[in-house]
Structures are given as structure tokens and as C-alpha cells.
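Listed here are the chains, written in short residue letters.
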Amino acid sequence: MPLPLLTLVQQQEHAPSGPLTVEPGLMIWTVIVFVALLLIMRKFAWPSILGAVEARERALEEQLAEAERNRREAAELLAQHQKLLAEGRAQAQTLLAEARTSAEKERALSMEKARQEQEELLERARRDIGAERDRAVVELRREAVDLSLAAATKLIGERLNSENDRRIVQEYLSSLGTEN
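Residues numbered from 1 in each chain as written. Predicted model: local features only at pLDDT ≥ 70, side-chain atom pairs only at ≥ 80, totals over all residues. Heavy atoms only, no water.

**Looking at the overall build of the protein chain**
1) Next: Helices and strands together make up the secondary structure of the protein chain, namely 3 helices and 0 strands.
2) Next: Along the chain direction, N to C, the helices and strands of the protein chain fall in the order α-α-α.
3) Next: Residues classed as buried in the protein chain amount to 4% of the 180 residues present. (Helix = DSSP H or I, 4+ residues; strand = E, 2+ residues; numbered from the N terminus. Buried < 20%, exposed > 50% of the residue type's maximum accessible area, 1.4 Å probe, protein only.)

Here it is as C-alpha cells:
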């Protein structure tokens, strides 16, 4: 019988083994080792792993809170910047409007001043022309008196009293000037 035992052992050695074959002994030892490792891990490693995860979670929450604060601050700074920019634009528009108004007023004053100077020059020219005309009329009258006296002297043949004659002729010429 030794032979059949040998064949039985040989058959067991050549039994198909693979990942899907169930071996009860190996299964029991795998469960025992898994439970032992689970208990050891739970006692020694689990608190430190859990502490590290919680610390990481707190750090992430702090980073998120800080990021939210930074975002709010950035939004406030952006709002302030936009407000300052709008105020600057408004001030620039105001300054431009004031500059335009001032330029228009200055232009109007310059135009008024130039117009007044022009009117003054025209008035002065008119006065000068009137004075020259009056002088010319007086000079013409004097010349007319002198010519009239010269003509009358030649006609009469004798020299008349020049002052008295002049007065008579001037009165006559003045009466002619007022009739026109």
C-alpha cells in the first residue's frame, strides 16, 4: 500500500492551484492576520492617522477662511479703487468744464475789450475828422473872406478897413452856413 499513498501525495502536489481556488487553511490564516493587523493599527496607528487628517482638515479650513478674507479685502480695495477712479474722472470733467467756462469768459472779455477799443478808436477818429473838418471849414471861410476882400478891393479900387470888412464877411458866411 505504500504505493497508493505515494500516488495520493503526488496527486495533491499536482492539484491545480490558482488565485481562484479556495484553500480553507490559507483563508483562516489570512483572516487571523487581517484582524490582528486591524487591531494593532486601531490601537497604535489610527489615532496618529486620524490626528494628521484632522490637522490637515483644520489647515485647509484656515487656508480657505484666509482666502475668503483676502478675496473680500481685494473686492473692497477694487471697489475703493473704482470709486476713486470715478471721483477722479468726475473731478477731471469738472476741471475741464471750468476750464472751458473760464476760456469762454476770457474770450468774451477779450472780444468785448477789443470791441470797446475799436469803438473808442472809431470815436476818436470821428472826433479827429470832425475837428479837422471844422478847422478846414474855418480855414476855407478865412480864405473865402480874404478872396472876397481881395476881389472887392479890386472892384472898388481902394483898400477897405480889413478888420471891419472881415467881420462883415464872416457874419455873412456864418448866416449862409446856418441856413443850410
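There's plenty left to go through after this.
**Here's the deal with the pattern of salt bridges**
1) Next: If you walk through the whole model with that rule in mind, you get 7 salt bridges.
2) Next: The shortest N-O distance in the salt bridge between arginine 107 and glutamate 104 comes to 3.5 Å. With a gap of 3 residues between them, arginine 107 and glutamate 104 both fall in helix α2 (residues 24-156), about one helical turn apart.
3) Next: One connected set of salt bridges, linked through shared partners, spans Glu68, Arg71 and Arg72. (Salt bridge = Lys/Arg side-chain N within 4 Å of Asp/Glu carboxyl O.)

**Regarding a negative patch on the surface**
1) Next: Judged by side-chain charge, Glu54, Glu57, Glu61, Glu62 and Glu66 come together as a negatively charged surface patch.
2) Next: Looking at where glutamate 66 falls in the secondary structure, it is placed in helix α2.
3) Next: Exposure remark for glutamate 66: the relative accessible area of 43% places this residue in the partly exposed category. (Patch = residues over 30% accessible without salt bridge, like charges linked within 9 Å, V, L, I, M, F, W, Y side chains within 5 Å. Areas by Shrake-Rupley, 256 points an atom, 1.4 Å probe, with all protein chains shown as cover. Lys, Arg positive; Asp, Glu negative; His and termini not counted. Charge placed at Lys NZ, Arg CZ, Asp CG, Glu CD.)

**Thoughts on the confidence of the model for the protein chain**
1) Next: In this model, the protein chain carries an average pLDDT of 84, and 81% of its residues clear a pLDDT of 70 or more.
2) Next: Highest mean pLDDT in the protein chain belongs to α2 (90); lowest belongs to helix α1 (residues 2-13) (53). (pLDDT = per-residue confidence, 0-100.)

**Quick notes on a nonpolar patch on the surface**
1) Next: A cluster of nonpolar side chains, contributed by Ile28, Trp29, Ile32, Val33, Leu37, Met41, Ile49 and Val53, occupies part of the molecular surface with about 800 Å² of accessible area.
2) Next: When you line up the elements, valine 53 lands in helix α2.
3) Next: Accessibility expressed as a relative area gives 48% for valine 53, which makes it partly exposed.

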